[in-house]
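Structural overview
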Amino acid sequence: MAFYRKKYDIIVVGAGHAGCEAALSAARMGCSVLLLAIDLDKVAAMPCSPSIGGMAKGQLVKEIDALGGEMAKISDKTAIQYRTLNTKKGPAVHSSRTQNDKIRYHLAMKAVLERQPNLDLKQAMVEKLVIEGSGVSGVLDQTGFGFQSRTVIIATGTFLSGLIHIGMNKIKAGRAGEFASYELPAQLKKLGFQIGRMKTGTPPRLNRKSIDFSRFSIQEGDPEPKLFSSFSKEITLPQIPSYIGHTNQNSIRIVHDNLHRSPLFSGVIKGVAARYCPSFEDKVVRFPERNSHQIILEHEGIDTDEIYASGLGNSLPLEIQIEFVRSVEGLEEAEIMRPAYAIEYDYVNPVQLRPTLETKLISNLFMAGQINGTSGYEEAAAQGLWAGINAACRVQNREAFILDRSQAYMAVLIDDLVTRGTNEPYRMFTSRAEYRLMLREDNADLRLSEIGFHLGLVSPEMWKDVQERKEQINMEISRIKSTVIKPEQKANAYLENCGSKSIHTGVHLDQLLKRAGLDYESVRVLAESPEIITPRVARQVEIEIKYEGYIKKQLREIEKFRHLEKIKLPQEFDYDSVYGLSNELKEKLSKVRPASLGQASRIEGITPAAISVLMVSLKAFGK
């Protein structure tokens, strides 16, 4: 076999959202990187929703940005609508979301990849890993040509044994119109990886000119959009609304009467579907009491007439899809430009990965994205960044990059995957993060930019800006806590005008800020800061003071959590020899090989008693 003359530090297989972040992070850390895509015209494609962020996903994107990743910047370059979700709730669950021009997103990311030093971008379908001893040393493409490297990152999305379903028709593809990979998953099975099957899908795309938008409610974006990335300066594209409508009883009847023609309910599809993003067939079966379901029509871009019909996802035959879509008020004349479909694909059970996302079976082989059982662009990008950094650290003999659950949403994501695994498409939720009050999207750069700077992914200028902002926040908090407002007529008149009780003795300004109905701007009037306070600083000051009690409580919980994380479990530890553990727990511990008592405590079925037994056994082991 012939090999390319250049040997790389890292080869990334797949140029979706995971592969792009992996390749960029490793190249920016100084490694020579080869990124291989089946089709260079589909780099960073958005095959499903033309959007970035959303509930909990926005936090992931902000963290990727804080560590020096690319997703938020590309999102800002291509956003055609900004919305902040959950604004009626506390700041812990506020999440940003953009609607994006999907073609511009692809082109913008491809341009960044092509201009990145240390990074080669090539078109090839990888069909085989080159294994030497117990480690990977390169890949072979579909022609038998090889590329050599010190590490490999597999980020293949839905392309492993991909199979599209439209009614009873099956199409071998990784996405509609694209080749899938069958040799690579076959080799992974032969190597001993536990492979499962998952299912996802996408709704139909409708022709804009065939829709009566007057029958839908307009959903505008935020009146004052907030940029996703700390590096972005301005919004560059016109902002476009979305449209909200509803299906009806006739829509439900059409689908219900044709469930036998759905591969999802006729037994054709074997893969496990996501509970949290159900197809319309799922909705009809799971919610029989519902008479209608919401749909959202979103523009796929500025220069296209394609409309993404969120909520109408299904895998029915095209003739039924047409009837179903046209049952919706406002879509009576709708033309389907691309039919909805379901897709099955292979994934690797992520308990076979180390916390770095390196596989346990094959050294120097990393996996990121949907191959690990996740769903969503954001979850994929976070894993790609994580794997890219760790592959670079391996090449450069640097300490592994591992954050804990109290530091980032992406750490919760990785820990959940490698500790518990998943048998359904994993989606990030704010409820998965125990310390979400500390992991807000508004403080992602304050939490993580220093780490990104030391990795070489965040510029000195950016890190300096964050440091200065931290100092301003601390100084303003200190000023507010030390400022006393006297019970003067002017102050009381102002408080009463704000709907707040008057004061009868001197009160510290922070106590007033903690009152319901008063915000930073309200108390600023009572005692103006001598320094210029930017809106970003003011927001942090307000949150830190208003939620001070809750924050202190969570910090105490984090200290307890970190105590168990510090107690390391040797990888060679013999769990079978531990007296007092059930055979089931021994098997689980041996399979996961947790890095610490903290990680062990999060394995399903592990009890506090089992942790006590492990602590005693560790002492006997000499640790």
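Now for a look at the structure at hand.

1. Quick notes on the overall build of the protein
When helices and strands are tallied, the protein shows 20 helices and 23 strands. Taking the principal axes of its C-alpha atoms as reference, the protein extends roughly 85 × 70 × 50 Å. The buried share of the protein, taken over its 623 residues, is 58%. Within the protein, counting contacts between residues at least 6 apart in sequence, those at least 24 apart form 73% of the total. Summing over all exposed atoms, the protein offers an accessible surface of approximately 26,800 Å²; the carbon and sulfur share of this is 50%. Charge-centre separation for the protein: the mean point of 81 positive side chains lies 4 Å from the mean point of 75 negative side chains.

2. Remarks on the nonpolar core
Residues Ile10 and Met410 are the most contacted members of the largest nonpolar core, which totals 96 residues. Looking at this core element by element, the count peaks at 12 residues for helix H9 (residues 377-395).

3. Describing the packing of helix H2 (residues 57-66) against helix H3 (residues 71-78)
Contact geometry for H2 and H3: axes closest at 7 Å, N-to-C directions at 110°. In terms of their interaxial angle, H2 and H3 are classed as roughly perpendicular. Contacts between H2 and H3 pair Val61, Ile64 and Asp65 from the former with Met71, Ala72 and Lys73 from the latter. Per-class residue counts for the contact of H2 with H3 are four nonpolar, no polar and two charged.

4. Looking at the pattern of salt bridges
A complete count under the given rule lists 46 salt bridges for this structure. For Arg205, the salt bridge goes to Glu300, with nearest N and O atoms at 3.0 Å. Here Arg205, found in strand S13 (residues 205-207), pairs with Glu300, found in the loop between strand S17 (294-299) and strand S18 (306-310); they are 95 residues apart in sequence, far enough to count as distant. One exposure class covers both Arg205 and Glu300, and it is buried. A salt bridge links Arg215 to Asp212; its shortest N-O distance comes to 3.9 Å. Look at the salt bridges and you will find they share partners, linking Arg405, Asp415, Asp416, Arg420, Glu434, Glu565 and Arg602 into a network.

5. Things to note about the packing of aromatic side chains
A full pass over the atoms with the stated rule returns 10 aromatic pairs. An angle of 80° between the planes, with centres 5.3 Å apart, marks the rings of Phe145 and Phe147 as edge-to-face. Under the relative-accessibility criterion, Phe145 is labelled partly exposed at 29%. Geometrically, the ring pair formed by Phe213 and Tyr243 is tilted, given 4.5 Å between the ring centres and 45° between the ring planes. Of the two residues, Phe213 sits in the loop between S13 and strand S14 (217-219) while Tyr243 sits in strand S15 (residues 242-246), which places them 30 residues apart along the sequence. Under the relative-accessibility criterion, Tyr243 is labelled buried at 13%. Through a chain of ring-to-ring contacts, the aromatic side chains of Tyr4, Tyr8, Phe145 and Phe147 assemble into a single cluster. Lys172 extends its terminal NZ or CZ atom over the ring of Tyr182, reaching a point 5.4 Å from the ring centre.

6. So, the sheet that holds strand S4 (residues 79-85)
Pairing is antiparallel across the open sheet formed by three strands, whose spatial order is S3-S5-S4. Each end of this open sheet is capped by a strand with a single partner; those strands are strand S3 (51-53) and S4. Strand-to-strand, the axes of this sheet are offset by a mean angle of 20°, without reference to chain direction. Relative to strand S5 (residues 95-100), S3 runs antiparallel, the two sharing three bridges. The residue of S5 that forms the bridge with Gly53 is Arg97. Helix-sheet contacts for H2 involve S3 and S5, and the interaxial angle to S3 is about 80°.

7. As for the pairing of strand S11 (residues 169-172)
Pairing of strand S10 (residues 163-166) with S11 involves four bridges; the strand directions are antiparallel. Across the sheet, Leu163 pairs through a bridge with Lys172, a residue of S11.

8. Considering the pairing of strand S7 (residues 126-132)
Here six bridges tie S7 to strand S8 (residues 135-141), and the two strands are oriented antiparallel to one another. Its bridge partner being in S8, Leu129 is matched across the sheet by Val139. Between S7 and S8, which follow one another and run antiparallel, lie two residues, and Gly133 among them has a positive phi close to 65°.

9. A look at helix H8 (residues 318-325)
Taken together, the buried positions of H8 are occupied by Ile320, Gln321, Phe324 and Val325. Taken around the axis of H8, the buried residues stretch over an arc of 130°, which confines them to a single face. In this structure, the buried residues of H8 make contact with S10, S13, helix H6 (249-257), helix H7 (280-286) and strand S19 (336-338).

10. A look at the sheet that holds S19
Strand order in the open sheet formed by six strands is S14-S15-S17-S18-S13-S19, and the pairing between neighbours is antiparallel. In this open sheet, the two strands that pair with only one neighbour each are S14 and S19. The mean inter-strand angle of the sheet, taken between neighbouring strand axes irrespective of direction, is 35°. Looking at chain direction, S17 and S18 are connected through four bridges and run antiparallel.

11. Digging into the packing of helix H12 (residues 460-482) against helix H16 (residues 535-546)
Contact pair H12 / H16: the axes reach a minimum separation of 9 Å and the direction vectors enclose 50°. Regarding the angle of H12 to H16, the classification is oblique. As for the relative orientation of H12 and H16, their crossing is right-handed in sense. Contacts from Arg469, Gln472, Ile473, Glu476, Ile477 and Ile480 in H12 reach Arg536, Val537, Gln540, Val541, Glu544 and Ile545 in H16. Considered class by class, the residues forming the contact of H12 with H16 number six nonpolar, two polar and four charged.

12. Topic: helix H18 (residues 583-592)
Those residues of H18 that fall on the buried side of the exposure criterion are Leu585, Lys586, Leu589 and Val592. The buried residues of H18 all sit within an arc of 145° when viewed along its axis, so they share a single face. Exposed residues pointing more than 90 degrees away from the buried face of H18 are listed as Asn583 and Glu587. Arg593 sits one or two residues past H18 and shows a positive phi near 55°.

13. Considerations on the environment of Pro241
Tracing the sequence through the fold places Pro241 in the loop between S14 and S15. Considered as a pair, Pro241 and Ala595 are 354 residues apart in the sequence and their alpha carbons are 48 Å apart. For Pro241, the contacting residues outside a window of four places in its chain are Gln81, Ile218, Gln219, Glu220 and His299.

Conventions adopted
- Residues numbered from 1 in each chain as written.
- Predicted model: local features only at pLDDT ≥ 70, side-chain atom pairs only at ≥ 80, totals over all residues.
- Heavy atoms only, no water.
- Helix = DSSP H or I, 4+ residues; strand = E, 2+ residues; numbered from the N terminus.
- Buried < 20%, exposed > 50% of the residue type's maximum accessible area, 1.4 Å probe, protein only.
- Contact = heavy atoms within 4.5 Å.
- Areas by Shrake-Rupley, 256 points an atom, 1.4 Å probe, with all protein chains shown as cover.
- Lys, Arg positive; Asp, Glu negative; His and termini not counted.
- Charge placed at Lys NZ, Arg CZ, Asp CG, Glu CD.
- Core = buried A, V, L, I, M, F, W, Y, C linked by side-chain atoms within 4.5 Å.
- Axes fitted to C-alpha atoms, helices over the stretch in contact; angles between N-to-C directions.
- Parallel < 35°, antiparallel > 145°, perpendicular 65-115°, else oblique.
- Nonpolar A, V, L, I, M, F, W, Y, C, P; charged D, E, K, R; others polar.
- Salt bridge = Lys/Arg side-chain N within 4 Å of Asp/Glu carboxyl O.
- Phe/Tyr/Trp six-rings, centres within 6.5 Å; stacked < 30°, edge-to-face > 60°.
- Lys NZ or Arg CZ within 6 Å of the ring centre and 35° of its normal.
- Pairing = 2+ DSSP bridges.
- Arc of directions from axis to C-beta.
- Left-handed = near helix turned anticlockwise from the far one by under 90°.

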